[in-house]
Amino acid sequence: MAGSTFGTIFKVMTWGESHGKGIGVVIDGCPAGIPLSEEDIQPFLNRRKPGQNRYTTKRAESDLVEILSGTFEGKTTGTPISLLVWNQDQRSRDYSTIAQLYRPGHADYTYDAKYGFRDYRGGGRSSGRETIARVAAGAVAEKLLAELGVAFTAYVRSIGPVEVDPANFDASRIEESSLRMPDEKAEQRALVWLENCLSAQDSSGGVVECIVEHLPAGLGEPAFEKLDANLAKALMSIGAVKAVEIGEGTNASRLHGSENNDCYQENEDGTVDKTTNHSGGILGGISDGSPLQIRASFKPTPSIAQPQSMLSRDGHCVTETIQGRHDPTVVTRAVVVVEAMTALTLADHLLLNMTSRLDQIKKVYGK
Ligand SMILES: Cc1cc2nc3c(=O)[nH]c(=O)nc-3n(C[C@H](O)[C@H](O)[C@H](O)COP(=O)(O)O)c2cc1C
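The model shown is predicted, which means the values in this text are computed figures rather than measured ones.

**Points about the site of the ligand**
So, step 1. The environment of the ligand is made up of 14 residues, and the closest members are Ser 126, Ala 240, Lys 299, Ser 303 and His 326.
So, step 2. Take Ser 126: an N or O atom from its main chain is 2.9 Å from an oxygen atom of the ligand.
So, step 3. Within the side chain of Asp 327, an N or O atom sits 3.0 Å from a nitrogen atom of the ligand.
So, step 4. Coverage of the ligand by the protein amounts to 88% of the 630 Å² it exposes when considered alone.
So, step 5. In the shell around the ligand, the residues fall into four nonpolar, seven polar and three charged.

Listed below in structure tokens is the structure:
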């Protein structure tokens, strides 16, 4: 199975299935000297963990990370960093009814069409549990970026029709709130919406936004390796993500140039910045030093608890109900996944950018 590797210099390879022994990642290309312990990574995994509230899957996993290699005396050594999380609460019997059936909206049919086999227990590599490895690696990427003062804020921007009002934005409540929404009023309405989804044995989609501050200008290349192109690929590689927007996003197609352009302004202290940030911090595929603003739209969780018409492996339609434990919406747990994939992309571009100018190369070699 190809396609489990991501990145050029800061390169990660994830491995493991939902109902296998464990999930892990090997990070190659991480610079030496970054302070790193399991305590640095665990809080990120805790944000992704199942069973956090009524609206996340009830699967009981501690998701404790172990660092197997790549650190010595609390710092990275520049050698491959291997991270491991054991699976504990696999209830494969929940999946016995769908062993011979393809669930609507999930990857069952396409997996089988491609490989001629599928691990029906929880979706194998297409399970949301695969994102554990991304989050663990993303925590390391964020540690590297934090050394340069780069800071992340990721949150749930909308669930179903309920959207956060920027006027009520309170970043301090994101991690305290059960739905990771920075607007209390919106969250109350979203809770009602999700209760209705649950009683109808249905699920909901939503949008996760990630804002990255203090990102240096110059990350990204002008042609095929555009920063926005690589971020879009990174976020679209997360299960259930159906669209990615940067800055004004699709709304830019409805604006005039005079509305969408970010004009420059000179401040009294001589610094220069932009009056607005419709570009979301990227121009011509290269970061412009203003906050990066990126959004991922998630579809509703495909596994729902109501009877649905499924396709059997021998080509017949069967009405069946999916057992097992599933998130009524994936967005609350996906916040940290979006943040991790953004961090992995930025860490890679940060290192790639170091070779773009002779004066920087000379500086590294003291010439
Ligand atoms: C963090 C996370 C948790 C998820 N949990 C579930 C789940 O409990 N049940 C489910 O059917 N899909 C879940 N998904 C979505 C599926 O993985 C995804 O819809 C499926 O792989 C098909 O891929 P596609 O939607 O991108 O086409 C989750 C996704 C993420 C990112």
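**A short note on helix 1 (residues 38-48)**
So, step 1. Taken together, the buried positions of helix 1 are occupied by Ile 41, Gln 42, Phe 44, Leu 45, Arg 47 and Arg 48.
So, step 2. Considering only its buried residues, helix 1 is in contact with strand 4 (65-69), strand 7 (81-86), helix 3 (131-146) and helix 7 (331-352).

**Examining the sheet that holds strand 1 (residues 5-6)**
By way of backbone hydrogen bonds, the strands of a sheet pair with one another, either parallel or antiparallel.
So, step 1. Spatially, the five strands line up as an open sheet ordered 1-2-3-7-4, and their pairing is antiparallel. In this open sheet, the two strands that pair with only one neighbour each are strand 1 and strand 4.
So, step 2. In this sheet, strand 3 (residues 22-28) lies alongside strand 2 (residues 11-16) in antiparallel orientation, the contact comprising six bridges. Across the sheet, Lys 11 pairs through a bridge with Asp 28, a residue of strand 3.
So, step 3. Helix 3 contacts strand 2, strand 3 and strand 7 of the sheet and is inclined by roughly 35° relative to strand 3.

**Some words on the packing of aromatic side chains**
So, step 1. Enumeration according to the criterion identifies three aromatic pairs in this entry.
So, step 2. Between Tyr 102 and Tyr 109, the ring centres sit 5.4 Å apart and the planes meet at 80°, which makes this aromatic pair edge-to-face.
So, step 3. Overall, Tyr 102 belongs to the buried group, its relative accessible area being 10%.
So, step 4. When the centroid spacing of 4.9 Å and the interplanar angle of 85° are considered together, the rings of Tyr 155 and Phe 169 count as edge-to-face.

**What about the pairing of strand 18 (residues 308-312)?**
So, step 1. Residues of strand 18 alternate between two faces, with Gln 308, Met 310 and Ser 312 buried on one and Ser 309 and Leu 311 left unburied on the opposite face.
So, step 2. Examined bridge by bridge, strand 8 (residues 101-102) and strand 18 share two bridges and lie antiparallel to one another. When the sheet's bridge partners are listed, Tyr 102 is paired in strand 18 with Leu 311.
So, step 3. In this sheet, strand 19 (residues 317-320) lies alongside strand 18 in antiparallel orientation, the contact comprising four bridges. Looking at the pairing, Gln 308 lines up with Glu 320 of strand 19.

**Notes on the pattern of salt bridges**
So, step 1. Here the structure, examined in full by the defined rule, presents 18 salt bridges.
So, step 2. Among the ionic pairs, Arg 357 bridges to Asp 359, the shortest N-O distance being 3.5 Å.

**Overview of the nonpolar core**
Side chains of nonpolar character tend, in soluble globular proteins, to be buried together.
So, step 1. Among the nonpolar cores identified, the biggest contains 73 residues, and Phe 10, Ile 27, Ile 41, Leu 83, Val 140 and Phe 298 are the most heavily contacted of them.
So, step 2. The dominant element in this core, judged by the number of residues it contributes, is helix 7, at 14 residues.
So, step 3. Setting aside residues no more than four positions away along its own chain, Phe 10 makes contact with Ile 27, Asp 28, Gly 29, Cys 30, Ala 137, Val 140, Ala 141, Leu 144, Leu 344, Ala 347, Asp 348 and Leu 351.

**A look at the sheet that holds strand 19**
So, step 1. Spatially, the three strands line up as an open sheet ordered 8-18-19, and their pairing is antiparallel. Among the strands making up the open sheet, the edge pair consists of strand 8 and strand 19.

**Quick notes on the pairing of strand 3**
So, step 1. When you tally the buried positions in strand 3, you get five out of seven residues, the bulk of the element.
So, step 2. Between strand 2 and strand 3, which pair antiparallel in sequence order, lie five residues.
So, step 3. Sheet analysis places strand 3 next to strand 7, joined by six bridges and oriented antiparallel. Residue pairing for strand 7: Gly 24 is matched across the bridge by Leu 84.

**Some thoughts on the packing of helix 5 (residues 227-236) against helix 7**
So, step 1. At a closest axis distance of 9 Å, the pairing of helix 5 and helix 7 adopts a crossing angle of 145°. Between helix 5 and helix 7 the crossing geometry is right-handed. Facing helix 5, whose interface residues are Leu 227, Asn 230, Leu 231, Ala 234 and Leu 235, helix 7 presents Val 338, Met 341, Thr 342, Thr 345, Leu 346 and His 349.
So, step 2. Its residues assigned to classes, the contact of helix 5 with helix 7 comprises seven nonpolar, four polar and no charged.

Rules and cut-offs
- Along each chain, residue indices are assigned from 1 in the same order as the chain's sequence is written.
- For a predicted model such as this one, the threshold for reporting local features is a pLDDT of at least 70, and the threshold for listing and counting side-chain atom pairs is 80 or more; totals across whole chains, interfaces and linings nevertheless cover every residue.
- Only heavy atoms go into the side-chain values, all of them from the structure, while hydrogens and water stay out.
- Distances are taken per atom, and a residue is near a molecule or strand as soon as one of its heavy atoms is within 4 Å of it.
- Any N or O atom pair separated by 3.5 Å or less is treated as a polar contact, with the protein-specific requirement of one donor-capable and one acceptor-capable atom, and with residues adjacent in sequence counted only for side-chain atom pairs.
- Per-residue accessibility takes into account occlusion by the displayed protein chains alone, with areas from the Shrake-Rupley method and a 1.4 Å probe.
- Here the nonpolar group is Ala, Val, Leu, Ile, Met, Phe, Trp, Tyr, Cys and Pro; Asp, Glu, Lys and Arg are the charged ones; every other residue, Gly included, is treated as polar.
- Remark: exposure states derive from per-residue accessible area (1.4 Å probe, protein chains only) relative to the maximum for the residue type, with buried under 20%, exposed over 50%, and partly exposed in between.
- Put simply, DSSP marks the helices as runs of H or I at least four residues long and the strands as runs of E at least two long, and each gets a number from the N terminus on.
- In what follows, residue pairs with any heavy atoms lying within 4.5 Å of each other are defined as contacts.
- What makes two strands pair is DSSP finding at least two bridges between them.
- Geometry is summarised by axes, namely lines fitted to C-alpha atoms with helices restricted to the contacting stretch, and by angles between N-to-C directions that run from 0 to 180 degrees.
- Think of it this way: a Phe, Tyr or Trp ring, Trp meaning its six-membered ring, pairs with another when their centres are within 6.5 Å, and the plane angle makes it stacked under 30 degrees, edge-to-face over 60, tilted otherwise.
- By convention in these notes, a salt bridge is any Lys or Arg side-chain nitrogen within 4 Å of a carboxyl oxygen on Asp or Glu.
- The term nonpolar core refers to a set of buried residues drawn from Ala, Val, Leu, Ile, Met, Phe, Trp, Tyr and Cys, joined through side-chain atoms within 4.5 Å.
- Left-handed is the label given to a crossing in which the near helix is rotated counterclockwise from the far helix by less than a right angle, and right-handed is the label when the rotation is clockwise.

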